[in-house]
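Given next are the chains, with one letter for each unit.
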Protein chains: 2
Amino acid sequence: MKQLLGNLKISVHEKLYLKDPESSALGKKIIEQSILLINEIGFEGFTFKKLGSAIGSNESSVYRYFENKHKLLLYLTSWYWGWMEYRLVFETHSIADPDEKLNKAIEIICRPIVEDSTYVHINEVLLNKIVVNEFSKSYLTKEVDEENKEGYFSIYKRLVHRVEEMVAEVDPSYHFSSSLASTLIETSLHQQFLKEHFKSITNCNDKVSTSDFLLDLVSKILKK
Amino acid sequence: MKQLLGNLKISVHEKLYLKDPESSALGKKIIEQSILLINEIGFEGFTFKKLGSAIGSNESSVYRYFENKHKLLLYLTSWYWGWMEYRLVFETHSIADPDEKLNKAIEIICRPIVEDSTYVHINEVLLNKIVVNEFSKSYLTKEVDEENKEGYFSIYKRLVHRVEEMVAEVDPSYHFSSSLASTLIETSLHQQFLKEHFKSITNCNDKVSTSDFLLDLVSKILKK
DNA sequence: CGAATATAATAGTAATACTATCATAATTGA
DNA sequence: TCAATTATGATAGTATTACTATTATATTCG
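About the criteria used
Each chain has its residues counted from 1, following the order in which its sequence is written. Chains and ligands are labelled sequentially in the order written, the chains with letters from A and the ligands with numbers from 1. A pLDDT threshold of at least 70 governs which residues receive local features in this predicted model, and a stricter bar of 80 or more applies before side-chain atom pairs are shown or counted, although totals over entire chains, interfaces and linings include all residues. For side-chain calculations, the full set of non-hydrogen atoms in the structure is used, while hydrogens and water are omitted. Only residues with pLDDT of at least 70 in both copies contribute their C-alpha atoms to the least-squares superposition of the copies. We call two residues contacting when some pair of their heavy atoms lies within 4.5 Å. Two parts lose some accessible area (1.4 Å probe) when they are put together, and adding that loss for both gives the buried area. The working definition used for a salt bridge is a side-chain nitrogen of Lys or Arg within 4 Å of a carboxyl oxygen of Asp or Glu. Under this definition, polar contacts are N or O atom pairs within 3.5 Å; protein pairs additionally need one hydrogen-donor-capable and one acceptor-capable atom, and for neighbouring residues in sequence, both atoms have to be side-chain atoms. In DSSP terms, a helix is any run of H or I states spanning at least four residues, a strand is any run of E spanning at least two, and both are numbered starting from the N terminus. Residues are grouped as follows: Ala, Val, Leu, Ile, Met, Phe, Trp, Tyr, Cys and Pro are nonpolar; Asp, Glu, Lys and Arg are charged; every other residue, Gly included, is polar. For each structure, a 1 Å grid was placed over the protein atoms alone; sets of points admitting a 1.4 Å probe that cannot get out are labelled cavities, open sets with protein on both sides within 12 Å along at least five of seven lines are labelled pockets, and lining residues have an atom within 4 Å of a point. Grid points are joined across faces, edges and corners, and a volume is the space filled by probe spheres set on the points. Throughout this description, the term nonpolar core refers to a set of buried Ala, Val, Leu, Ile, Met, Phe, Trp, Tyr and Cys residues connected via side-chain atoms within 4.5 Å. Relative accessible area decides the class of each residue, using a 1.4 Å probe on protein chains only: under 20% of the type maximum gives buried, over 50% gives exposed, and in between gives partly exposed.

## Some remarks on the relation of the copies chain A and chain B
For the pair of chain copies, the relating operation is a rotation around an axis with a shift along it.
Next, step 1: Under the fitted operation, chain A is carried onto chain B by 0.0 Å of movement along the axis and a turn of 180 degrees, and the coordinates agree to an RMSD of 0.0 Å. Between the two chains, the operation in question is that of a two-fold axis.

Right, dumping it as C-alpha cells:
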C-alpha cells in the first residue's frame, strides 16, 4: 500500500491554486504550516500574514500560491478527500463480497487517522481534524453553486458516489443509496465532533466507535 | 396550537444578548432585518454596519443589543431550536404510541417550514434557511467548549435529548439512541442543503422528502 | 555567466470589527 | 408636568484583515 501510494500525487483541482504548492519547497512549507496553524488557531483566526511568519516569510509569498484562505481550505479538504478515496479504493478493491466491502468502507471512513509517512509535509492526523472542524465552512457559502460548477467539490462527491455504489451492490432495492452514502460520510465527521465537544448527544466515545454505530445502522437498513 | 404559542416567548440564553431584542421595537427590527440580511448576503458578508442601515440606523445601535455577529447568530439559531422544540412537544405530547410519536417527530423536524404568523418579526421560512446554511458555523469554532459550558447550545441539545427519549421508547434495547437522535437532526439539515446545492449525492428532491428517507431508516433500525 | 524566475520586503488601500464619546429623542416616575 | 433617566443616532477613531502593487534580492537554469 505504501509503495503503491508512494509515487502517487493526490491531485487537486488546478484552479484552487495559483501555483502548485507541490512544485516547490516553499509551497510544501505553506501546506505543512497551514495545517499546523489552522489546527492551532482555527480557520477564523487564521490569516496569510500569520502563515507568512510561520513559514519564515511574509504574506506576499503565500498569495503567490493561493488567492485567499478559502481556496487554501478547499485545497486542503480536497486533498484529504482524495487521499481518503485512494485508501478506500485500494483497501476495498480486492473484496468480492459486497457486504464485506461496504463494511470495510465504513470502517475506513470512521477509523481514527494514524500518521502516514508517505506525504512528509502533510500531517494527516491534523488534517482530519481540520476536515471535521472546517470542511462544512468550505461549502456553506454564497458561492457554493459557482464553485461546485467549477468542480471544486468533485473529489468529495466522487467519494460519496463510490460509497453509494457499494450500498447499491449490497441492496439494489434500497431507494436512498445516495442519501445514505452522503449521510454516512457526514455522520462520520459529525459524530467525531460530538465525541469531542457535545458528549451528551452521542454514544460514541473511547469504547464505542462511530463505525460501531454506522455498521449497525447499515446492517439493519440494507437487505442482504 | 397558535393560541397556545401566542403568549409564549421563546426563551434564549440571556448572555447571548446585551439587551433583550424582544424588549423593544428596535430590538425586534434588528432580529427581523438580520434574518433578511443574512439570507440575502450570507453570514460571512453580513456586518453590523450593513444591518444598521437596514434598520434605518447605524452600527452603534446594533452593538447595544449584541456583542458581535457570532452572538447574534447563536441567538437566532437558539430561537429556532426553541421554536422547533415547542412544535415538537405540542404536536407529539398527546400521541401515546411510541412508534407513531417518533414518526411524528421526524416529520416535524423534516417538514418544510411554512410561515408562522405568531411571531410577526420572525420569518421562520428564512430562519430555517439560516439554520441550514449557518448553524454549523456557530459551533465549529475554537470557543465551542467555553460557550457550551456557558449553556449557549443547551436548547439544541435538549431537542436532541427529546428525540433520543422517543427513540429509546420505541426500542429500549437499541444502543445508539443519542447518536441516532443527533444524526436525525443533523441529517435533516444536511439533506436539505444537498437537495439545493449537491443534488447528485442525495435522493431527496421535490418528490422524495427527507422524512421519507429518515422514516424508512428509523423503521428499519429500531425493533418494535 | 547572464537571463529568467522565485522569493522577500515594503507600502498602501478599503473594509471590518469594534470602542468611545456626545448629542438628541423618548419615556417614565416623583 | 418636568426633571431625570434611558434609548437612540451620529461621528470619530483604532487595530486588524484581506488584499494589490512595486521593488529589491536571491536562486536556478540554459
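Following the structure, the description resumes.
## Topic: the interface of chain A and chain B
By a frequent convention, interface size equals the accessible area lost on bringing the separate parts together.
Next, step 1: With 51 residues of chain A at the interface, the matching set in chain B holds 51 residues.
Next, step 2: With both chains or domains summed, chain A and chain B bury close to 4200 Å², and 62% of this area falls on carbon and sulfur atoms.
Next, step 3: Broken down residue by residue, the surface that chain A buries against chain B is led by Leu140(A), Phe198(A) and Ile201(A), which jointly contribute 16%.
Next, step 4: Remark: the boundary between chain A and chain B carries 0 salt bridges.
Next, step 5: For the pair chain A and chain B, the interface holds 24 residue pairs in polar contact (both at pLDDT 80 or more).
Next, step 6: Those elements that provide at least two residues to the side of chain A that touches chain B are helix H2 (25–45), helix H7 (124–139), helix H8 (144–150), helix H9 (154–170), helix H10 (177–197) and helix H11 (210–221) of chain A.
Next, step 7: Looking at the side of chain A that touches chain B element by element, the count peaks at 13 residues for H10(A).
Next, step 8: Split by residue class, the side of chain A that touches chain B holds 21 nonpolar, 19 polar and 11 charged.

## Side note on the layout of surface pockets
Residue and element names in this part refer to chain A.
Next, step 1: Taken as a whole, the second largest pocket spans an internal volume of roughly 200 Å³.
Next, step 2: Around the second largest pocket, the lining residues are Glu107, Cys110, Arg111, Pro112, Lys195, Lys199, Cys204, Asn205, Asp206, Ser209, Thr210 and Ser211.
Next, step 3: Counting only elements with at least two residues in the lining of the second largest pocket, the list comes to helix H6 (98–110) and H11.
Next, step 4: Broken down by class, the residue content of the lining of the second largest pocket amounts to 3 nonpolar, 4 polar and 5 charged.

## Structural notes on the nonpolar core
Next, step 1: Formed by 148 residues in total, the largest nonpolar core has its most connected members in Trp81(A), Leu180(A), Trp81(B), Leu180(B) and Leu217(B).
Next, step 2: In contact with Trp81(B), other than residues within four places in its own chain, are Val131(B), Phe135(B), Ile155(B), Tyr156(B), Leu159(B), Ile185(B) and Leu189(B).

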